[in-house]
Amino acid sequence: MMANGAQPVADARKMVVTSIGNAGFVVTSGTVRLVFDPLISMFPMDQWIPGSPCAGPDIVLITHDHWDHFDVSDVAELAKRTGASVVGSGAVANKLARLLPAGQIIAQEPSERGGPVEARGGDISITTFRTLHGQRHNSYRVEWPGFRIFHDGDNEHTECLDR
C-alpha cells in the first residue's frame, strides 16, 4: 500500500495498489495510473493520490452506479480536473454525459465485451465482463505491458468468469 506522501512508482516493473475505501483502488505502474470506484466525497483525493490534484489518474473505471461505488459529481470533477477517461456501463455513461465531453466517456456494455483504451503514456487494454450485482455491473480485466489485473467490484456470480 502507498502511504500518504509516497511518490508514484517510476519503475514500470513495479506496481503499487492503494485501497481508497469500499471497493475503490488506485493502481500505479510507471506512467499508468488507474482508479477504480472512487468515492472522493467520502475519501478525499489528497488522502490517496500524492500531490493531488495534479497527479491524477489516466483512467477511472466504475463497476456500477450504486452510491457506494459511483458519485457522478465526484467522478465528473476528477475527470475534468485531470483529463482522465471514464469507463463504465451505459447507465454510468448516461449520468456523466451532461457533465463531460463525449470523448472522455467510454461506455462498456456486455455486447461490447472488451475494447482498447489508450492511456496517457502507454497502451492498455480493458476487457469488460458483465457480472451480477443488481443491473449493469461490470468487472474489468486491465492489461498493459508487464501487468494484468482484475477488479470485480460487487460481483456475485464468479462462475461467468470461468471461461
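Residues numbered from 1 in each chain as written. Predicted model: local features only at pLDDT ≥ 70, side-chain atom pairs only at ≥ 80, totals over all residues. Heavy atoms only, no water.

Residues and numbers for the overall build of the chain, please.
A tally of regular secondary structure across the chain gives two helices and 10 strands. Classification of the 163 residues of the chain by burial places 50% in the buried group. Accessible surface for the chain amounts to roughly 7800 Å². Of this, 52% is attributable to carbon and sulfur atoms. (Helix = DSSP H or I, 4+ residues; strand = E, 2+ residues; numbered from the N terminus. Buried < 20%, exposed > 50% of the residue type's maximum accessible area, 1.4 Å probe, protein only. Areas by Shrake-Rupley, 256 points an atom, 1.4 Å probe, with all protein chains shown as cover.)

Could you give an account of the pattern of salt bridges, with specific residues and numbers?
In this structure the tally under the stated criterion is four salt bridges. Among the salt bridges present, the one from lysine 95 reaches aspartate 65, with a minimum N-O distance of 3.0 Å. Taken together, the residues span a long stretch of sequence, with lysine 95 in helix α2 (residues 90-96) and aspartate 65 in the loop between β4 (59-61) and α1 (72-82) at a distance of 30 residues. According to the relative accessible area criterion, aspartate 65 is partly exposed, its value standing at 23%. Each of the salt bridges in this network shares a partner with another, and the network as a whole consists of Arg141, Glu143 and Arg148. (Salt bridge = Lys/Arg side-chain N within 4 Å of Asp/Glu carboxyl O.)

I'd like to hear about the nonpolar core, residue by residue, with values.
Val60, Ile62, Phe70, Val75, Val86, Leu96 and Leu100 are the most contacted members of the largest nonpolar core, which totals 19 residues. Breaking this core down by element, the ones donating at least two residues are α1 and α2. Per-element tally for this core: the top contributor is α1, with five residues. Apart from the residues lying within four places of it in its own chain, the contact partners of valine 60 are Val35, Pro38, Val75, Leu78, Ala84, Ser85, Val86 and Val87. (Core = buried A, V, L, I, M, F, W, Y, C linked by side-chain atoms within 4.5 Å. Contact = heavy atoms within 4.5 Å.)

Can you lay out the sheet that holds strand β5 (residues 85-88) for me, pointing to particular residues and giving the numbers?
Backbone hydrogen bonds are what pair the strands of a sheet, in a parallel or an antiparallel way. With mixed pairing, the six strands of this open sheet are ordered in space as β1-β2-β3-β4-β5-β6. The sheet is open, and its two borders are formed by β1 (16-19) and β6 (105-107), each paired with just one other strand. This sheet shows a mean twist of 20 degrees between the axes of neighbouring strands, independent of strand direction. Direction of pairing for β4 relative to β5: parallel, over a ladder of three bridges. By the bridge assignment, leucine 61 is partnered in β5 with valine 87. (Pairing = 2+ DSSP bridges. Axes fitted to C-alpha atoms, helices over the stretch in contact; angles between N-to-C directions.)

Run through α1, naming residues and quoting values.
Of all the positions in α1, only Val72, Asp74, Val75, Ala76, Leu78, Ala79 and Thr82 are classed as buried. Packing partners of the buried residues in α1 comprise β4, β5 and α2. N-capping of α1 is provided by aspartate 71, with a side-chain oxygen placed 3.0 Å from the backbone N of serine 73. The positive-phi residue at the C-terminal boundary of α1 is glycine 83, with phi of around 80 degrees. (Polar contact = N/O pair within 3.5 Å; in protein donor to acceptor, adjacent residues only side chain to side chain.)

Report on the packing of aromatic side chains, specifying residues and quantitative values.
Here the structure, examined in full by the defined rule, presents two aromatic pairs. Taking 5.6 Å as the distance between ring centres and 40 degrees as the angle between the ring planes, the aromatic pair formed by tryptophan 144 and phenylalanine 147 counts as tilted. Phenylalanine 147 gets classed as buried once you look at its relative accessible area, which sits at 17%. (Phe/Tyr/Trp six-rings, centres within 6.5 Å; stacked < 30°, edge-to-face > 60°.)

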